[in-house]
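The lines below spell out each chain.
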Amino acid sequence: EFGVQGLAVPPEYGGSRPDLRMVMAVMEGLGEGSADNGLLFSLNAQMWSVQAPIAAFGSADQRGQYLPGLGSGKLIGAHGMTEPGSGSDAFSLKTRAERRGDAYVLNGRKTFITNAPVADIFVIFASIDLSLGVGGVTAFLVDRGTPGLSVPREEDKMGMRTSPMGDVLLEECEIKASQLLGPEGAGAAIFSSSMEWERGAILSVAVGAMQRELTRCLDYASTRRQFQQPIAKFPAVANRLADVKVRIEASRALLAQVATLKDAGESATMEAAVAKLYVSEAWVQTMLDLQQVYGAYGYMRENNIERDLRDALGSRIYSGTSDMQRLIIARWLSV
């Protein structure tokens, strides 16, 4: 109703598409105002890995067909890249796309696909020729209900439990040639472009989540008394809270750098990797520190800090693991 999903849709298709700085501010606000990290994760996954590539690489017909519904929330999208045998090595995928006349036939399996159990439209990555390696990776738009596409299982996750995730199976799944997203062989460029946007916006939610929990913990530490004084007066507690504040400010600054580059039309590959690595690790450590401040109460489910910790742990994996971000950074440093 507030037009959140429309932030990734051009105005001519019913959205607003402001600069990335504004989007990050909105996402941080959502992260601070809502404890439902899974819902916000699903929203971001759709916006940056489905809506953004359709807006940037889709034909006029594709944009007109999908963007209004995705931006208004009437349609739900999923991004199908990961496979059982290709996670961090994303472009080693085995899903095949065979051209047959004016159609493509897809065969393969995708796994850990966010929104898959409820999605109306899938961005599916497949190879038109495995011998071409990265050069064969191509993107397609596949509607739910297309014969040959199924979601055979839904995952039971440690965290982000309100974000549905599942496998996508493609068995002789025939789609029209007009459902090709971008040209053949452009899949790697489409995927990389999506990840830059996603790593910036999706982690702004984490900044808001850290601020939400810091505010709550500050109130607890100021009222919880031990040894005749609030526990916030003890250096061991105060220093933890100070470290959390530093992480929040540093995270916001790193994400702002990504936004500045993207808004200027420049590449932010390394900067996005730096932000992804730092913010995801900062979110996990922040939840551990705040849980320690709460003590035994922080270990209880009623406190809810354990939910944030479980949700935070996933951020070191999705949109590229922390290890992969270090590898990207090292490559840019020519190490």
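What comes next concerns the included structure. As the structure is a prediction and not an experimental result, all values here were calculated from the model.

1. What to know about the nonpolar core
Here comes step 1: Core analysis: the biggest nonpolar cluster contains 52 residues, and Met 27, Trp 48, Leu 241, Trp 283 and Met 287 have the highest contact counts within it.
Here comes step 2: At the level of elements, α1 (20-33), α2 (37-57), α4 (187-223), α5 (235-263), α6 (269-294) and α8 (305-314) are the ones that each hand at least two residues to this core.
Here comes step 3: Ranked by residues supplied to this core, first place goes to α4 with 13 residues.
Here comes step 4: Other than its neighbours up to four places away in sequence, Met 27 contacts Val 4, Leu 7, Asn 44, Met 47, Ala 201, Ser 204 and Val 205.
Here comes step 5: In terms of nonpolar packing, the next biggest core, distinct from the first, is built from 21 residues, Val 9, Leu 67, Val 137 and Ala 186 among them.

2. Looking at the environment of Ser 204
Here comes step 1: In this structure, Ser 204 sits in helix α4.
Here comes step 2: Considering only alpha carbons, one finds Ser 204 and Ala 253, 49 residues apart in sequence, at a separation of 11 Å.
Here comes step 3: In this view, Ser 204 contacts Met 24, Met 27, Glu 28 and Leu 255; residues no more than four positions away in its chain are not counted.

3. Observations concerning the pattern of salt bridges
Here comes step 1: Under the criterion given, the structure shown has 18 salt bridges.
Here comes step 2: Between Arg 100 and Glu 98 there is a salt bridge, with its nearest N and O atoms 3.2 Å apart.
Here comes step 3: Owing to a relative accessible area of 41%, Glu 98 belongs among the partly exposed residues under this scheme.
Here comes step 4: A salt bridge links Arg 100 to Glu 172; the shortest N-O distance between them is 3.3 Å. You can see Arg 100 sitting in strand β2 (residues 96-100) and its partner Glu 172 sitting in strand β7 (residues 165-176), a full 72 residues away along the chain.
Here comes step 5: In the salt-bridge network here, residues are joined through shared partners; they are Glu 28, Lys 245, Glu 249 and Arg 252.

4. Digging into the packing of aromatic side chains
The geometry of an aromatic ring pair is captured by two quantities: the separation of the ring centres and the angle between the planes.
Here comes step 1: Per the stated rule, a full pass over the model turns up seven aromatic pairs.
Here comes step 2: When the ring of Phe 227 is compared with that of Phe 234, the centres are 6.3 Å apart and the planes differ by 75°; the resulting orientation is edge-to-face.
Here comes step 3: By relative accessible area, which is 68% here, Phe 227 ends up exposed.
Here comes step 4: Both rings, one in Tyr 294 and one in Tyr 297, keep their centres 5.9 Å apart while their planes meet at 80°; by these two values the pair is edge-to-face.
Here comes step 5: We classify Tyr 294 as buried; its relative accessible area is 4%.
Here comes step 6: Judged by relative accessible area, Tyr 297 falls into the partly exposed class, the value being 32%.

Reading the values: the criteria
Residues numbered from 1 in each chain as written. Predicted model: local features only at pLDDT ≥ 70, side-chain atom pairs only at ≥ 80, totals over all residues. Heavy atoms only, no water. Core = buried A, V, L, I, M, F, W, Y, C linked by side-chain atoms within 4.5 Å. Buried < 20%, exposed > 50% of the residue type's maximum accessible area, 1.4 Å probe, protein only. Helix = DSSP H or I, 4+ residues; strand = E, 2+ residues; numbered from the N terminus. Contact = heavy atoms within 4.5 Å. Salt bridge = Lys/Arg side-chain N within 4 Å of Asp/Glu carboxyl O. Phe/Tyr/Trp six-rings, centres within 6.5 Å; stacked < 30°, edge-to-face > 60°.

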